Amino acid sequence: GQKLLWGRSIPNVSNAQFGVPTDFYETSREVKNMWPTHVETLLDIEYDEVTPAPNPLREADFHEFIRRNDVIANVLEVNSFTVGSTAVQIDGTQAEILHLSIHPKLRKRGLGTKLFEDTERILRELRVKQLSVVIPEKLDGAQAFLHQMGFILKETIRTDWKGGNDSYLFTKKLRRQLRLA
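Everything numeric in this text was worked out from a predicted model, so none of it was measured.

## Some points on the nonpolar core
And step 1. By size, the foremost hydrophobic cluster in this structure holds 18 residues, and its most contacted members are Leu 123, Leu 131 and Phe 151.
And step 2. Per-element accounting of this core gives the leading share, 3 residues, to strand β9 (residues 130-136).
And step 3. The residues contacting Leu 131, other than those within four sequence positions of it, are Val 88, Ala 95, Glu 96, Ile 97, Phe 116, Leu 123, Phe 151, Phe 170, Thr 171, Lys 172 and Leu 174.
And step 4. The next biggest cluster of nonpolar side chains, apart from the first, holds 12 residues, and it includes Met 34, Leu 43, Leu 57 and Val 71.

Structural data, given as structure tokens:
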């Protein structure tokens with residue numbers, strides 16, 4: 001039978017729970033450019049009923065990422081289904097992560113790592129030397145992920161982040177990877 005994955009039917013998947021198959025078997029992972037056709041699915045991820053994003057993006061935000069020349073906006077597709085996205089603003093040799101998201105029900109499977117590593121490879125090719133991101137203190141999982149990806153906590157930003165929480169600035173130096181012949 002067919003089950004739904006974010007409103008789309010997919011064949012040969014059983015035991016679907018909350019719209020995501022529990023036996024979701026990956027046959028392919030591919031990072032692609034973000035297009036307007038991805039926005040509806042990305043909004044579904046942002047506004048997931050079980051685990052919504054703490055500061056969800058709006059449709060206009062995704063279209064802005066796509067439109068801007070200084071932003072690299074990508075999606076991660078698994079078995080041709082969009083499961084996450086990233087947007088990074090580039091300013092010379094510096095870049096800032098504006099958005100990084102993986103569907104909450106598909107986290108802890110290496111998908112965020114795949115999306116992040118491919119994005120980082122693109123940034124290196126563009127000669128970006130440092131990557132930064134600001135996140136609210138309440139996102140413990142995001143902080144752990146950033147540490148795992150080699151980011152260092154640079155400073156605490158005392159600010160009101162929709163609820164009075166401080167934010168953290170994380171940075172990572174990007175080094176060119178040597179290619180072995």
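Okay, back to it.
## A word on the pairing of strand β11 (residues 167-173)
And step 1. Burial within β11 is extensive, with 6 of its 7 residues counted as buried.
And step 2. Alignment of β9 against β11, held across 7 bridges, turns out to be antiparallel. Bridging from a neighbouring strand, Val 133 pairs with Phe 170 of β11.
And step 3. When strand β10 (residues 152-157) meets β11, the two strands line up antiparallel, connected through 5 bridges. Paired with Leu 153 across the bridge in β11 is Phe 170.

## A look at the pairing of β9
And step 1. Where burial is concerned, most of β9 is hidden: 6 out of the 7 residues are buried.
And step 2. The pairing of strand β8 (residues 94-102) with β9 spans 3 bridges and is parallel. Residue pairing for β9: Ala 95 is matched across the bridge by Leu 131.
And step 3. For the crossover from β8 across helix α3 (residues 111-125) to β9, the handedness is right-handed.

## Some words on unusual backbone geometry
And step 1. A positive phi angle is found at Lys 108, which is not glycine, with a value near 65°.
And step 2. Topologically, Lys 108 is positioned in the loop between β8 and α3.
And step 3. With relative accessibility at 85%, the residue Lys 108 sits in the exposed group.
And step 4. Although it is not a glycine, Arg 127 sits at a positive phi angle of roughly 65°.
And step 5. Topologically, Arg 127 is positioned in the loop between α3 and β9.

## Observations concerning the sheet that holds β11
And step 1. Judged by pairing direction, the sheet is mixed, and its 7 strands sit side by side in the order β5-β6-β7-β8-β9-β11-β10 without closing on themselves. One side of each edge strand has no neighbouring strand; the edge strands of this open sheet are β5 (29-33) and β10. Taking each pair of neighbouring strands and ignoring which way they run, the sheet shows an average axis angle of 25°.
And step 2. Contacts from helix α1 (residues 39-46) reach β6 (71-78), β7 (81-91) and β8 within the one sheet, and its direction differs from that of β7 by about 95°.
And step 3. With respect to the sheet, α3 is in contact with β5, β6, β7, β8, β9 and β11, its orientation differing from that of β6 by roughly 145°.

Cut-off values and rules
Residues numbered from 1 in each chain as written. Predicted model: local features only at pLDDT ≥ 70, side-chain atom pairs only at ≥ 80, totals over all residues. Heavy atoms only, no water. Core = buried A, V, L, I, M, F, W, Y, C linked by side-chain atoms within 4.5 Å. Buried < 20%, exposed > 50% of the residue type's maximum accessible area, 1.4 Å probe, protein only. Helix = DSSP H or I, 4+ residues; strand = E, 2+ residues; numbered from the N terminus. Contact = heavy atoms within 4.5 Å. Pairing = 2+ DSSP bridges. Right-handed = clockwise from strand over helix to strand, strands pointing away. Axes fitted to C-alpha atoms, helices over the stretch in contact; angles between N-to-C directions.

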